[in-house]
Amino acid sequence: MQHGRCLCGDVEWTAEGPLERMTHCHCSRCRKAHGTPFATYAFAPGAGFRLRGAENVTRYATSPAFVRGFCGRCGSVVPSAALDGRLAVPIGSLTTDPGVRPVAHVFVASKLPWYEITDGLPQHATFEPGDDAPVLDDLPVPPVPRGRRGSCLCGEVRFVLEGTPVTARNCHCSRCRLARSAAHAANVIAPQDAVRITQGADQVASYKIPDARFFTQTFCRTCGGKVPRHDAGRGIVVTPLGAFDDAPGTRPEMHIFVASKAPWFAITDDLPQHAAGVPL
Ligand SMILES: [Zn+2]
Ligand SMILES: [Zn+2]
Ligand SMILES: [Zn+2]
């Protein structure tokens, strides 16, 4: 039995039977939905799948066949799309070890230019061979690159990074994994006035973990896309790297909270690894 949940716990699910075809997806829609350079999904059999808190799930269709779900309170991506009787499960939301491991990278044709794949898994331009689902064009990128812009999945929230980042990091802590429903978060951290929300500020929802000092997730109410979080208390802004439309001009410098890393994810790059956090 597998168990997964969103960050706040309003949505929870269990699956029976083995998860199949775990892949890392680099498509533009997964990147925006999760705020990460890639998302990891596997299929769970529809039979034996139970979702608690379905009334808390907001749905956003990114294609006629694929409706993405996220918790309306905390923004975590949750399973919602049934394809051929199977559910596409965001593996980052698991609290159990699924036993199985990723078998391939998909939608590598849409990969972020700055993100380098360093493992030896097979790479496919779009879906895995044999999967004949329709392939959508990448989300449109604003035509004239002017700076380091980003947006949510639906495009209602837009921002620009104008200042100089302090650092960028991959965080493997359990909160980040549940918040992003992904292997790890990947954020650029900058002085708080370095990122300006240029559109849709009133569309941004936020969820703070009650017993956390700082940990807050910010996301678009309509699509669940992860967007920058201004933290006035610390004087910083934390921006998910998957949300950028233009090259952000920076890339992760280290892995932090590696002691909490997901059992199904292997770090294969040569960035420094820290067991816990590292002060800014
Ligand atoms: Zn939630
Ligand atoms: Zn995808
Ligand atoms: Zn949106």
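Rules behind the numbers
- Residues numbered from 1 in each chain as written.
- Chains lettered and ligands numbered in written order.
- Predicted model: local features only at pLDDT ≥ 70, side-chain atom pairs only at ≥ 80, totals over all residues.
- Helix = DSSP H or I, 4+ residues; strand = E, 2+ residues; numbered from the N terminus.
- Rg over C-alpha atoms; globule rule 2.2 N^0.38 Å.
- Buried ≥ 20, exposed ≤ 12 C-beta atoms within 10 Å, placed from the backbone.
- Contact = placed C-beta atoms within 7 Å.
- Domains from an automatic or database assignment.
- Nonpolar A, V, L, I, M, F, W, Y, C, P; charged D, E, K, R; others polar.
- Pairing = 2+ DSSP bridges.
- Axes fitted to C-alpha atoms, helices over the stretch in contact; angles between N-to-C directions.

Before going further, it helps to spend a moment on the overall build of the chain. Within the chain one finds 2 helices and 21 strands. In terms of overall dimensions, the chain is globule-like: its C-alpha atoms have a radius of gyration of 17 Å, near the 19 Å expected for 280 residues. Taken over the C-alpha atoms alone, the chain extends approximately 50 × 40 × 40 Å along its principal axes. Across the 280 residues in the chain, those meeting the buried criterion constitute 43%. In the chain, the proportion of contacts linking residues at least 24 apart, taken out of those at least 6 apart, comes to 65%.

What follows concerns the domain arrangement of the chain. Taken domain by domain, the chain comprises domain 1 (2-110) and domain 2 (148-260). Taking only C-alpha atoms into account, the centre of domain 1 sits 20 Å from that of domain 2. Elements with a minimum of two residues in the side of domain 1 that touches domain 2: α1 (28-34), β4 (39-45), β6 (57-61) and β7 (67-71). Of all the elements, α1 adds the most residues to the side of domain 1 that touches domain 2, at 5 residues. Class assignment of the residues belonging to the side of domain 1 that touches domain 2 gives a composition of 11 nonpolar, 10 polar and 6 charged.

Okay, the environment of Val157 next. As for its placement among the helices and strands, Val157 is situated in the loop between β12 (148-151) and β13 (158-161). Between the C-alpha atoms of Val157 and Arg251, which are 94 residues apart in sequence, the distance is 22 Å. With residues up to four places along the chain from it excluded, the contact list for Val157 reads Ser151, Cys152, Ile197, Gln199, Gly200, Gln203, Val204, Cys220, Gly225 and Val227.

Before going further, it helps to spend a moment on the sheet that holds β7. Read from one edge of the open sheet, 3 strands run β6-β7-β8, paired in antiparallel fashion. Here the strands that pair on one side only, and so sit at the sheet edges, are β6 and β8 (77-78). As judged from the 5 bridges shared by β6 and β7, these two strands associate in the antiparallel manner. Across the sheet, residue Thr58 finds its bridge partner in β7, namely Phe70.

Turning our attention to the sheet that holds strand β21 (residues 254-256). In space, the 5 strands of this open sheet follow the order β19-β20-β15-β14-β21, with mixed pairing throughout. Two strands in the sheet have a free side with no partner beyond their single neighbour: β19 (229-231) and β21. Neighbour-to-neighbour, the strand axes of the sheet open up by a mean angle of 30°, direction not taken into account. Pairing of strand β14 (residues 167-171) with strand β15 (residues 185-191), which is carried by 5 bridges, proceeds in the antiparallel orientation. Residue pairing in the sheet places Cys171 in a bridge with Ala185 of β15.

Glancing now at the environment of Pro45. By the element assignment, Pro45 lies in strand β4. Here Pro45 falls in the partly exposed class, since 15 other C-beta atoms lie within 10 Å of it. In the structure, Pro45 is positioned 147 residues away from Gln192 in sequence and 44 Å away in space, judged by C-alpha atoms.

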